[in-house]
Each structure stands twice: as structure tokens, then as C-alpha cells.
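Listed below, chain by chain, are the residues.
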Amino acid sequence: MTEKRVIPPTSIKSAGGVCGEVGRVLKGHAEAFAVDAAPTARCFGLVEGASRQLDEHYGDFYTELNDYVGDLHKKLAAAGEALTRISRNQERTEDHTWAEAARLDGSAW
């Protein structure tokens, strides 16, 4: 049998805030990388171009990294929003439970 674990709403809300903050920081660094390391006609990223093959490999790396980090940012933001929403729902449920218990027997738990 598994043990029941209850995570308090404040911990869930805190985790949501952390996810959101990590996403915001990641987005800032990703935007800086996209600008600073963008390939150009004479140079790919931060290194002077050496060959067409190397340019193509860097272009692939640059695109994949930007896509990956963009996706990760969106997922962190969504996780932060979901955790915050779950926390609010849990708080409302607990408030309702306390109010209902008090109504039924005249005392809170």
C-alpha cells in the first residue's frame, strides 16, 4: 500500500513561482544567445566562418538550440501557471472543507 502524501498549497504555489522565474531567466538568456550567436554571411555565431560544412553544422546547432530552449521556456511557464492554479484550487477546497465541517458539527477540525 502506498503512503498518502499531502503537499500544502503554499509549497505548490512556491514551486509554481520557481518554474515561472526559471522560465523568465531562461527566456532572457535565450534571447541574448539568439542575437549574439546568430550566424551571418561572414561568420557563424561567435567564430569566423571556416567552411561551408562547418557553417551548415553551426546553423543546424543554432536552430535546434533555439527551438529546444524556446520549447523549454514555454513548458516552464505552463508548469508555473498550472501549479499556481492547482494551489488556488487546493486552498479553495480546504476553505470549503473547513466551512462545511464547522457548519455540520459547529466546530472546525
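Please read these numbers as outputs of a predicted model, since none were measured by experiment. (Residues numbered from 1 in each chain as written. Predicted model: local features only at pLDDT ≥ 70, side-chain atom pairs only at ≥ 80, totals over all residues. Heavy atoms only, no water.)

A. View of the overall build of the protein chain. Along its length, the protein chain carries two helices and two strands. For the protein chain, the α and β elements follow one another from N to C terminus as α-β-β-α. Considering the protein chain as a whole, with its 109 residues, one finds that 19% of them fall into the buried category. Long-range pairs, those at least 24 residues apart, make up 66% of the contacts in the protein chain with a sequence separation of at least 6. When the accessible surface of the protein chain is totalled, it reaches about 8400 Å², and 59% of it is carbon and sulfur. (Helix = DSSP H or I, 4+ residues; strand = E, 2+ residues; numbered from the N terminus. Buried < 20%, exposed > 50% of the residue type's maximum accessible area, 1.4 Å probe, protein only. Contact = heavy atoms within 4.5 Å. Areas by Shrake-Rupley, 256 points an atom, 1.4 Å probe, with all protein chains shown as cover.)

B. Representation of the packing of aromatic side chains within the structure. Per the counting criterion, the structure on display carries four aromatic pairs. What links up through ring pairs into an aromatic cluster is the set Phe33, Tyr58, Phe61 and Tyr62. (Phe/Tyr/Trp six-rings, centres within 6.5 Å; stacked < 30°, edge-to-face > 60°.)

C. Main features of the confidence of the model for the protein chain. In the predicted model, the protein chain carries a mean pLDDT of 84, and 88% of its residues have values of at least 70. Least confident of the elements in the protein chain is strand β2 (residues 47-48), whose mean pLDDT is 60; most confident is helix α1 (residues 9-36), at 91. (pLDDT = per-residue confidence, 0-100.)

D. Summary view of the pattern of salt bridges. All chains considered together, the criterion is met by three salt bridges. One salt bridge connects Lys13 with Glu91, and the closest N-O pair in it is separated by 3.6 Å. In this pair, Lys13 sits in helix α1 while Glu91 sits in helix α2 (residues 52-105), placing the two residues 78 residues apart along the sequence. By relative accessible area, which is 39% here, Lys13 ends up partly exposed. When the shortest N-O distance is used, the salt bridge between Lys75 and Asp71 registers 3.0 Å. Residue Lys75 and its partner Asp71 are both found in helix α2; the two are separated by four residues, about one turn of the helix. (Salt bridge = Lys/Arg side-chain N within 4 Å of Asp/Glu carboxyl O.)

E. Quick look at the side chain of Ser87. By the secondary structure assignment, Ser87 is in helix α2. According to the relative accessible area criterion, Ser87 is buried, its value standing at 0%. Not counting residues up to four positions away in its chain, the partners in contact with Ser87 are Pro9, Ile12 and Lys13.

F. The arrangement of α1 in detail. The end-to-end C-alpha separation of α1 is 41 Å, in line with the 40 Å expected for 28 residues at 1.5 Å each. Among all positions in α1, only Pro9, Ile12, Gly16, Cys19, Gly20, Gly23 and Ala30 are buried. Looking at the packing, one finds that the buried side of α1 touches α2. (Expected span 1.5 Å × (residues − 1).)

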